[in-house]
Amino acid sequence: MTKRDLVVRIANETGLTQQNVYAIIQKSFDLIIDALQNGDAVELRNFGVFKVTKRHARTGINPNQPTQKIDIPAKKVVVFKQGKHMKEVVRK
Amino acid sequence: MTKRDLVVRIARETGLTQVDVGKVIQKTLDYITESLERRENVELRDFGVFKVKHRGARKGRNPNRPEHEVEIPARNVVVFKSGKRMRDLVETEL
């Protein structure tokens, strides 16, 4: 499923134009990225939580040339924790 | 940030009603969940990909009662892999 599939289906069901539905969906994703960029967590009840956490710097090994070590710098990463409903329906 | 914040802000920016915006956002989340329930990945370009992954059964231990082993059954979990725009803007070096 892609953004396009979502837009078409939701426009059909709500009677809103595809253009308006697309704008809402795109803005939602953009605002979530904005919030995470500011270090804010995004909590979407029953769906899940997006958070930014830190990864420490570490030394990695190039799998194709295992003799070579690579320094991987510390960075921020986005983690997703599934919400209650999501967890239950996917589990089985 | 919560769903409510998204709804209020997007309604203001688009001129659409909070009811309509709320409906679209809720349906979006519901359909992503449904798709994952069917084991279909959801790819949202630039934002990220949601996938279902299988976790095998394993033995766990209650940290407060380490002498007790607990059986953790196999299960499926949702994992999220950030997309390009998310990585470029959020996952910066420290």
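Residues numbered from 1 in each chain as written. Chains lettered and ligands numbered in written order. Predicted model: local features only at pLDDT ≥ 70, side-chain atom pairs only at ≥ 80, totals over all residues. Heavy atoms only, no water.

Visitor: Would you mind going over the pattern of salt bridges with me for this structure?
Guide: Should their charged atoms come close, side chains of opposite charge can pair. Here the structure, examined in full by the defined rule, presents 12 salt bridges over all chains. One salt bridge in this structure joins A:K27 and B:E13, with 3.0 Å as the shortest N-O distance. Of the two residues, A:K27 is situated in helix α2 (residues 18–37) and B:E13 in helix α1 (residues 3–14); the pairing between them involves two chains. For A:K27, a relative accessible area of 26% translates into the label partly exposed. B:R38 is paired through a salt bridge with B:E40; the nearest N and O atoms lie 3.3 Å apart. Judged by relative accessible area, B:R38 falls into the partly exposed class, the value being 46%. In this structure B:E40 comes out as partly exposed when scored by relative accessible area, which is 34%. (Salt bridge = Lys/Arg side-chain N within 4 Å of Asp/Glu carboxyl O. Helix = DSSP H or I, 4+ residues; strand = E, 2+ residues; numbered from the N terminus. Buried < 20%, exposed > 50% of the residue type's maximum accessible area, 1.4 Å probe, protein only.)

Visitor: Sorry, what's going on with the domain arrangement of chain B here?
Guide: One frequent convention defines the size of an interface as the accessible area lost when the parts assemble. Segmenting chain B into domains produces domain 1 (1–38) and domain 2 (43–94). One C-alpha centre belongs to domain 1 of chain B, the other to domain 2 of chain B, and the line joining them spans 24 Å. (Domains from an automatic or database assignment.)

Visitor: Looking at this structure, how should I read the sheet that holds strand β1 (residues 42–44) of chain A?
Guide: Within a beta sheet, neighbouring strands are joined by backbone hydrogen bonds and run either parallel or antiparallel to one another. Residues and elements named next belong to chain A. Taken in spatial order, the three strands line up as β1-β2-β5 in an open sheet, and their pairing is antiparallel. Either end of the sheet is taken by a strand with one partner, and the two such strands are β1 and β5 (75–82). Going across the sheet, the axis of each strand differs from the next one's by a mean of 25 degrees, ignoring polarity. Relative to β5, strand β2 (residues 48–55) runs antiparallel, the two being bridged by eight bridges. Following the sheet pairing, G48 is matched in β5 by Q82. (Pairing = 2+ DSSP bridges. Axes fitted to C-alpha atoms, helices over the stretch in contact; angles between N-to-C directions.)

Visitor: I tried to follow the domain arrangement of chain A on my own but got confused; where do I start?
Guide: All names here are of chain A. Domain assignment breaks chain A into domain 1 (1–40) and domain 2 (41–92). Spacing between the C-alpha centres of domain 1 and domain 2 amounts to 23 Å. Between domain 1 and domain 2, the contact holds five residues from the first and seven residues from the second. Across the domain 1 to domain 2 interface the summed buried area is about 470 Å²; carbon plus sulfur atoms make up 75%. Counting across the domain 1 and domain 2 interface gives zero residue pairs in polar contact (both at pLDDT 80 or more). (Contact = heavy atoms within 4.5 Å. Buried area = accessible area lost by both parts, 1.4 Å probe. Polar contact = N/O pair within 3.5 Å; in protein donor to acceptor, adjacent residues only side chain to side chain.)

Visitor: Mind showing me how you'd approach the interface of chain B and chain A here?
Guide: If you look at the interface, chain B gives 48 residues, while chain A gives 48 residues. Note on chain B versus chain A: buried area summed over both sides is about 4,600 Å², and carbon and sulfur give 70% of it. Taken as a group, B:M1, B:Y31 and B:L94 account for 15% of the area that chain B buries against chain A, more than any other trio of residues on that side. At the junction of chain B and chain A, the tally comes to four salt bridges. Taken together, chain B and chain A are joined by 17 residue pairs in polar contact (both at pLDDT 80 or more). If you list the elements that add at least two residues to the side of chain B that touches chain A, you get α1, α2 (18–37), β1 (42–44), β2 (48–55), β5 (75–82) and α3 (84–90) of chain B.

Visitor: Explanation requested: the packing of aromatic side chains in the structure shown.
Guide: Going through the model one piece at a time under the given rule, you end up with 11 aromatic pairs over all chains. Seen in terms of ring centroids, A:F50 and B:F47 are 5.7 Å apart; in terms of plane orientation they differ by 80 degrees. Their pairing is edge-to-face. Remark: B:F47 occurs in the loop between β1 and β2 and A:F50 occurs in strand β2; the pair is interchain, linking two chains. Here the two residues A:F50 and B:F47 agree in accessibility, since each one is buried. (Phe/Tyr/Trp six-rings, centres within 6.5 Å; stacked < 30°, edge-to-face > 60°.)

Visitor: Would you mind showing me how to read α2(B) here?
Guide: Think of an α-helix as 3.6 residues a turn; residues three or four steps apart then line up on the same face. Residues and elements named next belong to chain B. A rise of 1.5 Å per residue sets the reference length of α2, with its 20 residues, at 28 Å; its end C-alpha atoms lie 28 Å apart and thus fit the reference within 8%. Among the residues of α2, V21, V24, I25, T28, L29, Y31, I32, T33, S35 and L36 are the ones counted as buried. Looking one or two residues past α2, R39 carries a phi angle of roughly 70 degrees, positive in sign. (Expected span 1.5 Å × (residues − 1).)

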